[in-house]
Amino acid sequence: MTKAQFDIVIVGAGAAGLMAAIELSSAGKRVAVVEATSRTGGRMLCVQDKDTGTLVQLGAEFVHGSLPLTQSLLQQAGATTHQIEGSIWQRKEAGLQPQQDFIEGYDILEPKLKAVTTDLPVQEFIQRQLAGPQCANMRQEVQDYAEGYYAADTNRSSTLALAEELTGDDQPQYRIEGGYLQLAQYMEAQCREKGVQFFLGQPVEQIDWQRENVSVTTDKTLFKCSQLLVTVSLGVLQSGSIKFVPALPQYDAAAKALGYGHVVKINLLFRQAFWKRSTLVGGQNLADLQFLFSEESIPTWWSQHPLNTNILTGWLGGPKAQALQHASHDELLQLALSSLTKIFDLEPAYLWQDLKAAWSHNWSADPFFHGAYSYEVVDGATHQKTLQQPAEHTVYFAGEALHHGPELGTVEAALQSGKQAAAAMLSAGNEVPETTGQ
Ligand SMILES: Cc1cc2nc3c(=O)[nH]c(=O)nc-3n(C[C@H](O)[C@H](O)[C@H](O)COP(=O)(O)OP(=O)(O)OC[C@H]3O[C@@H](n4cnc5c(N)ncnc54)[C@H](O)[C@@H]3O)c2cc1C
C-alpha cells in the first residue's frame, strides 16, 4: 500500500469537492482529492457518445436561475449558456393540450401556501388544505410537482420550502452549451494548475481520525492529513459505506434525518423529431415543445428546444423512481417508449423503429451516489447545522445536501457548500496553530 501525506484530503471530486480544492490550494494548502470513480464531476455526468456525436447529460443539466457561483465559474471557463424557452404541454384524456404553467390553477393554491407559517409535510398540507372533490386535480398536481421537481417523498418534504419556491419570482432557466462537463473540466484544470493531486478510482473505505490527525484508507493508498473534507452524497453518508473510527453518531443521525430523493432520467435520440410533425401528434404544433407532462409511467418529458436536436428526455422523480431502482436500462427504455407511445397516440412499433440510441444512468443503484439529490424536509435546517459543524476542527462535511436555501439539491448548492467548508477549514487553521500530528 502506498502512503501519502497532505495538509488536507478531500473525499469526492464532485462540484463541492472541486470547489473546496480550488479554494484550499489557492490558499497554499497541499491538497489531495480522493475519488471513487474514474472521473471528476460526480453528479455532473455528461457522456460524449462517439457513434452519434451526441452529448448526453445523464445527471445535472439545467442552471436553475441566476446563480452567482455557477455563472461566474462558467464565465471563467468561457462556457456559453442559453435560456430555455418554449411551450408547456400536458397529456389529458382528451389528448394533448397546452399548459400555462407548471401547476395549473395556481391562483387557488397560492393563498393557501402563503398562509402556512408552521412547517408541515407536503402530504399533510395536501390533505388539510386541498380537501374536497373540487381540489382533486390540485392535490395530484402538488404531489406530482413535489415528487417530480424535488424528487421528494411528500410524507417528509417541507411545505414551507415548497411555498418559498412556488410563491417566489419565476427564475429563468438555462442550459450550458457542452453541458456541465464544461464546468467539471474547468474546475479540475484549475485544481491541477494549483498543485492539487487527484487519486481517481479509489473509493475511501475507512477514516481513522483524532484531532488534526487523520488516516484515510483506500485499497491502494493510506493518506495522512491534518484536516479532512468529506463531500460524498447524502445517500452515501446514509448508507454507512465509509467507516469512521471513532464513529460519528450525531453526524450519522443528522444525515439519516435529511431527505435524499430518487430520479429516473432517460435520454432518447430519435432519427427524426417526430413530435414536430403535426400529423403525428393530433394536428398540434409542438415545434417549440419545452416540457410535456402526463400520467404515464415516465410522466415528464422535455426537448432541448431552442437547440435543434432529436433528443427527448424522460423523467420520473420521488418514491416511484426509487421503486424502479432495480430496473435495467432495457426495462426503463421499454417504460419510456410505451409512455411516449400513449402520450402521442402512436402505433406501438413506431418509436422502436425511429429510435437511434438511448442512455440512462441508475443513480439509485450506484454505490457512489445511492440516489439523485436532496430535498428539504421539515426541520431539515437543524440537521444541516449538525453536519456543517466540524468534528474537532478536523473532519468537515460539504455537498449539495448541506446547503440551506432554495438552491438545495443543485450544483450551485454544492459549489456554495464547498466554498463555505473551505473557508471554515482555513479559519480553523488560523485559530488552532498547534498541530499534534504523528
Ligand atoms: C439525474 C440528476 C439530474 C440533476 N439535475 C440537475 C440540474 O438540472 N441542475 C442542477 O443544478 N443540479 C442537478 N442535479 C443535482 C446536482 O448534480 C448535484 O446537486 C451536484 O452535482 C452534487 O455535487 P456534490 O459535490 O455535492 O456531490 P457529488 O456530485 O455526488 O460528488 C461526490 C463525489 O464523491 C464520490 N464518492 C462517493 N463515495 C465515495 C467514496 N467512498 N470514496 C471516494 N469518493 C466517493 C462520488 O463518486 C462523487 O464524485 C441532478 C442530479 C441528478 C442525479
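Residues numbered from 1 in each chain as written. Predicted model: local features only at pLDDT ≥ 70, side-chain atom pairs only at ≥ 80, totals over all residues.

### Side note on the sheet that holds strand β3 (residues 31-34)
- In space, the 5 strands of this open sheet follow the order β11-β3-β2-β15-β24, with parallel pairing throughout. Pairing within the sheet leaves two strands with one partner each, and these edge strands are β11 (197-199) and β24 (395-397). With direction set aside, neighbouring strand axes in the sheet form an average angle of 20°. (Pairing = 2+ DSSP bridges. Helix = DSSP H or I, 4+ residues; strand = E, 2+ residues; numbered from the N terminus. Axes fitted to C-alpha atoms, helices over the stretch in contact; angles between N-to-C directions.)

### What about the confidence of the model for the chain?
- In this model, the chain carries an average pLDDT of 94, and 98% of its residues clear a pLDDT of 70 or more.
- Throughout residues 432-438 the model reports pLDDT below 50, and contacts reaching past four residues in sequence, or to other chains, amount to 10 contacts. (pLDDT = per-residue confidence, 0-100. Contact = placed C-beta atoms within 7 Å.)

### Looking at the packing of helix α2 (residues 68-76) against helix α7 (residues 181-193)
- Closest axis-to-axis distance for the α2/α7 pair is 9 Å, and the angle between their directions is 70°. Considering the angle they form, α2 stands roughly perpendicular to α7. For the pair α2 and α7, the contacting residues are L73, L74 and Q76 in the first and Q182, L183, Y186 and M187 in the second. (Parallel < 35°, antiparallel > 145°, perpendicular 65-115°, else oblique.)

### Description of the site of the ligand
- Inspection of the region around the ligand gives 39 residues, with G12, G14, G42, R43 and T410 positioned closest.
- Among the elements of the structure, α1 (15-26), β6 (62-64), β18 (263-270) and α14 (411-431) are those that each provide at least two residues to the shell around the ligand.
- Considering each element in turn, the shell around the ligand owes the most residues, 3 residues, to α1.
- A per-class count over the shell around the ligand returns 22 nonpolar, 12 polar and 5 charged. (Near = placed C-beta within 6 Å. Nonpolar A, V, L, I, M, F, W, Y, C, P; charged D, E, K, R; others polar.)

### Description of the packing of α1 against α7
- Where α1 meets α7, the axes come as close as 9 Å, and the angle between the chain directions of the two elements is 25°. The pairing of α1 with α7 is recorded here as roughly parallel in orientation. Here α1 and α7 pass one another in a crossing that is left-handed. Facing α1, whose interface residues are L18, M19, A21, I22 and S25, α7 presents M187, E188, Q190 and C191.
- For the contact of α1 with α7, the residue count by class is 6 nonpolar, 2 polar and 1 charged. (Left-handed = near helix turned anticlockwise from the far one by under 90°.)

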